[in-house]
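Chain residues, written in single-letter form:
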Protein chains: 2
Amino acid sequence: MNQVYDRVALIGLGLIASSMFWAIKRAGLAGEVTGYARSPETRDTARRIGLCDRICDSAAEAAEGADLVVLCVPVGAMGKVAQEIGPVLKPGATVSDVGSVKRHVIESVSPHIPEGVHFVPAHPLAGTEHSGPESGFAELYDNRWCLLVPAEGSDPQAVANLRALWEGMGANVEEMDADHHDLVLAVTSHAPHLIAYTMVGVADDLRRVTDSEVIKYSAAGFRDFTRIAASDPTMWRDVFLTNKDATLEILGRFTEELFALQRAIRTGDGEQLFDYFTRTRAIRRGIIEAGQDTDAPDFGRGKTAQ
Amino acid sequence: MNQVYDRVALIGLGLIASSMFWAIKRAGLAGEVTGYARSPETRDTARRIGLCDRICDSAAEAAEGADLVVLCVPVGAMGKVAQEIGPVLKPGATVSDVGSVKRHVIESVSPHIPEGVHFVPAHPLAGTEHSGPESGFAELYDNRWCLLVPAEGSDPQAVANLRALWEGMGANVEEMDADHHDLVLAVTSHAPHLIAYTMVGVADDLRRVTDSEVIKYSAAGFRDFTRIAASDPTMWRDVFLTNKDATLEILGRFTEELFALQRAIRTGDGEQLFDYFTRTRAIRRGIIEAGQDTDAPDFGRGKTAQ
């Protein structure tokens, strides 16, 4: 296989990092992979299941001597971890991350990156509703997008190596500007997640009225909403707090449109509803044509990515 | 196999009716199945693919002599179809439907049911994002719920036969009061669909800003929302117009909660967000335990039911 780095360090051992490890091993992309997680239980689990070649008891120990250090912690913790590992980073090494928000990560991590070390932020658009060190699997990134968000003037070789790693893990890689990334993700992921969380919360309140029927008869869409709303609470708290402006902007537009449709229902304007629903149906076809989903029926028993 | 009816008539030949036909055939539940669709093209397609034993050129012709007539048309068209077939219904026959709203269907269909004919409304909680006579398949109802909504004092044998038919098609059957049905479905299906339609509409507006990136990088939730928002526009227009009060009630609660979460984002109240997301995650576990979904990852490439 094609080794890209001699040593890779994964800081934070949840779904994303554990899937990276298995995907790196599958393709032989690194000589050694070290790992660190803040919780001793997670480190014990990792050692037990053979996650990483070596589990270290501090982030600095894992990062020391690594050619690539990937920060796989919640967005709100990135700055603190960068501060811890900054002093031990090897000259010429690359630091990257997997955060769902990029502007905030760049602002909190960059000050801790020493001269001579490259920082190339990244965001793999993949996930499941599960989290933790045992939730990873080698195929998670196959045919999913990974967006690289290098600052202007980044070292071309550092960017090329990171691209080779992600492509070796199965992903399709593109580059994007940080602010643009945060707006696109607010539309495609962050606002939909908050909406799903909200709808599931409403149903939970109503469960006291309808007993367990809301769960028992959870047709799609609600079932799909619960899947989205089952994602890791810490990760999503940080996403909303750190991509605040774009998320609130999209939610504002969403509320406007929702009010317009509510009024159409109240006034019985069937034509407006029909036209709206016809328009949205066409977007679905675009996504299937773009290869980001299939339209084969599986009776609602499928699973989702974040 | 166990034949339940000598002759079944399916009025309207979309996803639900065509799946019923294949499921009825799979289990030998009826001697003959007649079918009718308003559009000549749909009738031609049905004849070409062998959908129904006999395709008729009027609803009355299909219903005449049938032991069970199932109205599989959009909720807003049920009354008109009932009026057309009322005069030819066989004494002792049963009329049923598959509408997603029950109170409105009962009010619009009941006046056209003659003395001596039984009306037992039903609602199978199953579907895909596809519609039309070619979208059906025999397995659609396997292990899905079908809710029967008989009026008080309904003929027990008529209800028992309809239950046997749905169980024979693979469904789990329960009985429910019409108003309660409409509230539960507003929570689990109708409000989530309107919300998904809205979010996809917002993204469509923004597509002009972000070109095709909203589609290209459509992570879940957005991808899941587009799947929900791809359902049949006529069917959903009628659902919202005929389950207006319950849907608007749920949407009102939804907007209240969404505003509270938006404020938490704006003020940076991470604790409130974390607690909310932790609560909704537990609901997901309830749904998996209730057998209405699985938690096996399939990388977001799965499909959904309505």
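Thresholds applied
- Residues numbered from 1 in each chain as written.
- Chains lettered and ligands numbered in written order.
- Predicted model: local features only at pLDDT ≥ 70, side-chain atom pairs only at ≥ 80, totals over all residues.
- Heavy atoms only, no water.
- Helix = DSSP H or I, 4+ residues; strand = E, 2+ residues; numbered from the N terminus.
- Rg over C-alpha atoms; globule rule 2.2 N^0.38 Å.
- Buried < 20%, exposed > 50% of the residue type's maximum accessible area, 1.4 Å probe, protein only.
- Contact = heavy atoms within 4.5 Å.
- Areas by Shrake-Rupley, 256 points an atom, 1.4 Å probe, with all protein chains shown as cover.
- Lys, Arg positive; Asp, Glu negative; His and termini not counted.
- Charge placed at Lys NZ, Arg CZ, Asp CG, Glu CD.
- Least-squares fit on C-alpha atoms with pLDDT ≥ 70 in both.
- Axes fitted to C-alpha atoms, helices over the stretch in contact; angles between N-to-C directions.
- Parallel < 35°, antiparallel > 145°, perpendicular 65-115°, else oblique.
- Left-handed = near helix turned anticlockwise from the far one by under 90°.
- Nonpolar A, V, L, I, M, F, W, Y, C, P; charged D, E, K, R; others polar.
- Phe/Tyr/Trp six-rings, centres within 6.5 Å; stacked < 30°, edge-to-face > 60°.
- Lys NZ or Arg CZ within 6 Å of the ring centre and 35° of its normal.
- Pairing = 2+ DSSP bridges.

In this structure, what is going on with the overall build of chain A? I would like to understand it.
A tally of regular secondary structure across chain A gives 12 helices and nine strands. On C-alpha atoms alone, chain A measures out to a radius of gyration of 21 Å, which is about the 19 Å that the 2.2 N^0.38 rule sets for 306 residues. In terms of overall dimensions, chain A has C-alpha extents of about 65 × 40 × 35 Å along its principal axes. In chain A, buried positions account for 61% of the 306 residues. A separation of at least 24 residues holds for 74% of the contacts in chain A among residues at least 6 apart in sequence. Total accessible area computed for chain A in this model is approximately 10800 Å², and 48% of it derives from carbon and sulfur atoms. Looking at charge distribution, chain A has the averaged site of its 30 positive side-chain charges lying 5 Å from that of its 43 negative ones.

I tried to follow the relation of the copies chain B and chain A on my own but got confused; where do I start?
For the pair of chain copies, the relating transformation is a rotation about an axis with a translation along it. Between the two copies, chain B and chain A, the superposition gives an RMSD of 0.0 Å; the rotation angle is 180° and the shift along the axis is 0.0 Å. What we have between these two chains is a two-fold relation. The residues that chain B uses at the interface reappear at the interface of chain A in 100% of cases, marking a shared surface.

It is not clear to me how the packing of helix α10 (residues 233-242) of chain A against helix α12 (residues 270-289) of chain B should be interpreted in this structure. Could you clarify?
For any two helices packed against each other, one specifies the inter-axial angle together with the distance between the axes. Between α10(A) and α12(B), the least distance of the axes is 9 Å, while the angle of their chain directions is 140°. When the axis of α10(A) is compared with that of α12(B), the two are oblique. Both α10(A) and α12(B) take part in a crossing whose hand is right-handed. Contacts between α10(A) and α12(B) involve P233(A), T234(A), W236(A), R237(A), F240(A) and L241(A) from the former and G270(B), L273(B), F274(B), F277(B), T278(B) and R281(B) from the latter. Of the residues in the contact of α10(A) with α12(B), the class split is seven nonpolar, three polar and two charged.

Mind showing me how you'd approach the packing of aromatic side chains here?
Any two aromatic rings considered together are summarised by their centre-to-centre distance and by the angle between their planes. Taken as a whole and judged by the stated rule, the model has 13 aromatic pairs over all chains. A centroid spacing of 5.0 Å and a plane angle of 15° characterise the contact between F225(A) and F225(B), whose relative ring orientation is stacked. Of this pair, F225(A) sits in helix α9 (residues 222-228) while F225(B) sits in helix α9 (residues 222-228), which puts the two residues in different chains. By relative accessible area, which is 0% here, F225(A) ends up buried. Above the face of the Y276(A) ring, R279(A) is positioned so that its terminal group lies 4.9 Å from the ring centre.

In this structure, what is going on with the side chain of S19(A)? I would like to understand it.
Residues and elements named next belong to chain A. Take S19: it is sitting in helix α1 (residues 15-27). The class for S19 is buried, based on a relative accessible area of 0%. When sequence neighbours within four positions are dropped, the list of residues in contact with S19 reads G136, F137, A138, L140 and Y141.

Looking at this model, I keep getting lost on the sheet that holds strand β3 (residues 54-55) of chain A. Mind explaining?
Residues and elements named next belong to chain A. With parallel pairing, six strands are arranged side by side in an open sheet as β3-β2-β1-β4-β5-β6. The sheet is open, and its two edges are formed by β3 and β6 (118-119), each paired on a single side. Two strands pair when backbone bridges link them, and strand β4 (residues 68-71) and strand β5 (residues 94-97) are joined in this way by four bridges, in the parallel orientation. Opposite V69, over in β5, you have V95 as the bridge partner. Running at roughly 150° to β4, helix α4 (residues 78-85) makes contact with β1 (5-11), β4 and β5 of the sheet.

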